[in-house]
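A closer look at the structure
Chain by chain, the residues run as shown.
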Amino acid sequence: MNLSAKVSIPTQVMARTVGDETVILDLASGTYYGLDPVGARMWQLMSEGQPLTAVCDTLLDEYEVTREALEGDILRLTEELRAKGLVSLA
Amino acid sequence: MNVHYTELAERPLAPVHGAPFHQWAFPDGTLWTQFLRQGAGYLLRFPDLADFEVSADGRTVQGFPAPGVTSPTVEHLYLNQVLPLALSRQGKLVLHGSAVDIGGQGVAFLGESGRGKSTLAASFATEGTRFLTDDGLLLEWVDGHCMIVPSHPSIRLWEDSQEALVSDSATVAPAVSFTTKSRLLAGPEIAFCQEARPLQCVFFLGEGESEAPTIEALRPAQALIELVKHSFLLDIEARDILMRHFDDLTRLTELPIYFSLDYPRDYRGLPTVRKAIVEHVMKKYVNIAT
């Protein structure tokens, strides 16, 4: 996986924003996940169908972080979500 | 409640076609309930006890006792298990929780089986603080307020809770064949609130590891996950219903009313627990009112 990837959200996955966090429900497995405010913002941008590199560009404007660290965080979160079946890669 | 229920003659529980789309089991693996599709509706099977046929819209339920199973047993299953599921199929919000009326405010206790929901409600009700439900917490929005709707006026308790909390003169419903829990009917000994009450506070019950009553606020996302976990849902595969349910719960989490509550599981300590709860609720209510 690299930053040119886009993610899509499978039909069995629903997410809702509550406060500044996001709760993701996987209907297929009946399990629930929570994303903290930063993860929630990444999820929001990813779910708009932008490539991860565009997600990274947007977040660089919003958080005080180096590109290298942010790219690592985005790839880690995406891989974790993919492994749990909460996103698929396009 | 908007469910038309009929108990019919006993019949053998016939073999079912196809695999259940969902099931409930006890922690030891014993099967408790099988959820099957039957035409457009549902068959809920409680092995060796009863079948319940639920219409596709959740408005009609027919109960069929297995041979030799008593009517009170089937009624008990209907009230505590099947009715909340049928209501969920109608799109209503039903959670695993008990509730009491503290100063006109609805206060709910949610938790897994065995966490003490009924015991806590009974502890209030035997001291004159009326209970609204002992499980099957039905919520409805009325004029912008989320209301707790009273359920059946009875509380189910294990024998030790009953002995510790309830006097011998309380009315006990006929015994049922699948549990040693007694169902105690509301009356002079156990105060029941027949009117809906606005939902003011929700406490999620902990495991009993605290040495004293401990109340902590939950973040909205934590509350949402807990609410989802404690939901009654008949058809977990009906995406439209699940989406609406998830949206309803998300709306509920906009209210700042969610707390964890833990306390030692000791009947002698219950007055202290009740006091902590009442003080918390009243303080919160005063803060909102002023």
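Refer to the structure printed above.
Criteria and thresholds
- Residues numbered from 1 in each chain as written.
- Chains lettered and ligands numbered in written order.
- Predicted model: local features only at pLDDT ≥ 70, side-chain atom pairs only at ≥ 80, totals over all residues.
- Heavy atoms only, no water.
- Helix = DSSP H or I, 4+ residues; strand = E, 2+ residues; numbered from the N terminus.
- Rg over C-alpha atoms; globule rule 2.2 N^0.38 Å.
- Buried < 20%, exposed > 50% of the residue type's maximum accessible area, 1.4 Å probe, protein only.
- Contact = heavy atoms within 4.5 Å.
- Lys, Arg positive; Asp, Glu negative; His and termini not counted.
- Charge placed at Lys NZ, Arg CZ, Asp CG, Glu CD.
- Core = buried A, V, L, I, M, F, W, Y, C linked by side-chain atoms within 4.5 Å.
- 1 Å grid on protein atoms, 1.4 Å probe; cavity = no way out; pocket = protein on both sides within 12 Å on 5 of 7 lines; lining within 4 Å.
- Points joined across faces, edges and corners; volume = space filled by probe spheres on them.
- Nonpolar A, V, L, I, M, F, W, Y, C, P; charged D, E, K, R; others polar.
- Buried area = accessible area lost by both parts, 1.4 Å probe.
- Salt bridge = Lys/Arg side-chain N within 4 Å of Asp/Glu carboxyl O.
- Pairing = 2+ DSSP bridges.
- Axes fitted to C-alpha atoms, helices over the stretch in contact; angles between N-to-C directions.
- Patch = residues over 30% accessible without salt bridge, like charges linked within 9 Å, V, L, I, M, F, W, Y side chains within 5 Å.
- Areas by Shrake-Rupley, 256 points an atom, 1.4 Å probe, with all protein chains shown as cover.
- Disulfide = S-S within 2.5 Å.
- Phe/Tyr/Trp six-rings, centres within 6.5 Å; stacked < 30°, edge-to-face > 60°.
- Lys NZ or Arg CZ within 6 Å of the ring centre and 35° of its normal.

Quick word on the overall build of chain B
Within chain B one finds 6 helices and 18 strands. The C-alpha atoms of chain B give 19 Å as radius of gyration, which agrees with the globular expectation for 290 residues (19 Å, within 12%). Across the 290 residues that make up chain B, the buried fraction comes to 51%. Partitioning the contacts of chain B with sequence separation of at least 6, the portion at a separation of at least 24 is 70%. Looking at charge distribution, chain B has the averaged site of its 24 positive side-chain charges lying 5 Å from that of its 35 negative ones.

Describing the overall build of chain A
Across its full length, chain A carries 3 helices and 5 strands. If you list the helices and strands of chain A from N to C, you get β-β-β-β-α-α-α-β. In terms of C-alpha radius of gyration, chain A reaches 12 Å, essentially the compact-globule figure of 12 Å for 90 residues. When its C-alpha atoms are laid out on the principal axes, chain A stretches across 35 × 30 × 20 Å.

A few points about the environment of His96 of chain B
Residues and elements named next belong to chain B. Topologically, His96 is positioned in the loop between strand E7 (93-95) and strand E8 (97-102). Sequence separation between His96 and His230 is 134 residues, and the spatial gap between their C-alpha atoms is 5.2 Å. Not counting the four nearest positions on each side in its chain, His96 is found in contact with Phe109, Leu110, Gly111, Lys117, Asp135, His230, Ser231 and Phe232.

Some words on the nonpolar core
Residue and element names in this part refer to chain B. Membership of the largest hydrophobic core comes to 32 residues, with the highest contact counts inside it found for Leu139, Leu199 and Leu252. Sorting elements by how many residues they give to this core places helix H4 (residues 220-229) first, with 6 residues. Each residue touching Leu139, except ones within four places of it in the same chain, is listed here: Leu93, Leu95, Cys146, Met147, Ile148, Leu199 and Leu252. Core analysis: the second largest hydrophobic core is formed by 29 residues, Trp32, Tyr42, Val94 and Leu234 among them.

Points about empty space enclosed by the protein
All names here are of chain B. Using the criterion set out here, one finds 1 cavity of 30 Å³ or more in the structure. Within this model, the largest cavity holds a volume of roughly 40 Å³. Along the walls of the largest cavity sit Ser88, Gly91, Lys92, Leu233, Ile241, Arg244 and His245, which together make up its complete lining. A per-element tally of the lining of the largest cavity places helix H5 (residues 239-252) first, with 3 residues. Its residues placed into classes, the lining of the largest cavity shows 2 nonpolar, 3 polar and 2 charged.

Re the interface of chain A and chain B
Where the parts come together, the accessible area they lose is often given as the size of the interface. Listed per partner, the contact involves 16 residues of chain A and 13 residues of chain B. Summed over both partners, the interface of chain A with chain B buries about 1,200 Å², with 72% contributed by carbon and sulfur atoms. Taken as a group, Arg16, Val18 and Tyr32 of chain A account for 42% of the area that chain A buries against chain B, more than any other trio of residues on that side. Scanning the region where chain A abuts chain B turns up 2 salt bridges. Of all the elements in the fold, those that place two or more residues in the side of chain A that touches chain B are strand E2 (13-18), strand E3 (21-26) and strand E4 (31-35) of chain A. The residue makeup of the side of chain A that touches chain B, split by class, is 9 nonpolar, 5 polar and 2 charged.

Remarks on the sheet that holds strand E13 (residues 154-157) of chain B
Residue and element names in this part refer to chain B. The 3 strands are arranged E13-E15-E14 in an open sheet whose pairing can be described as antiparallel. For this open sheet the edge positions go to E13 and strand E14 (171-172), each flanked by a neighbour on one side alone. Sheet topology places E14 next to strand E15 (residues 182-185); 2 bridges connect them, and they run antiparallel. What sits directly across from Val172, in E15, is Leu184. Along the sheet, helix H1 (residues 71-89) contacts E13 and E15; its crossing angle with E15, the most-contacted strand, is approximately 80°.

Some thoughts on a negative patch on the surface
Where like charges cluster on the molecular surface, the negative patch consists of Glu159, Asp160, Glu163 and Asp168 of chain B. Among the secondary structure elements, Asp160 of chain B is positioned in helix H3 (residues 159-165).

So, the state of the cysteines
Residue and element names in this part refer to chain B. Counted under the stated rule, the structure contains 0 disulfides over all chains. The structure places no disulfide on Cys146, whose sulfur is separated from the nearest cysteine sulfur, that of Cys201, by 13 Å. For Cys146, a relative accessible area of 5% puts it in the buried group.

A short note on the packing of aromatic side chains
Residue and element names in this part refer to chain B. Inspection of every chain in the model, using the stated rule, returns 13 aromatic pairs over all chains. When the ring of Trp32 is compared with that of Phe46, the centres are 5.2 Å apart and the planes differ by 75°; the resulting orientation is edge-to-face. One end of the pair, Trp32, is in strand E3 (residues 31-38); the other, Phe46, is in strand E4 (residues 41-46), with 14 residues separating them in the sequence. Phe46 shares its class with Trp32; the two are buried. With centroids separated by 6.3 Å and ring planes inclined at 25°, the aromatic side chains of Phe204 and Tyr258 adopt a geometry described as stacked. Taken as a pair, Phe204 in strand E16 (residues 197-205) and Tyr258 in strand E18 (residues 258-262) lie far apart in primary sequence, 54 residues in all. Here a set of aromatic residues connected by ring pairs shows up, and it is made of Tyr5, Trp32, Phe46, Phe52 and Tyr78. Between the NZ or CZ atom of Arg37 and the centre of the ring of Phe21, over which it lies, the distance is 4.1 Å.

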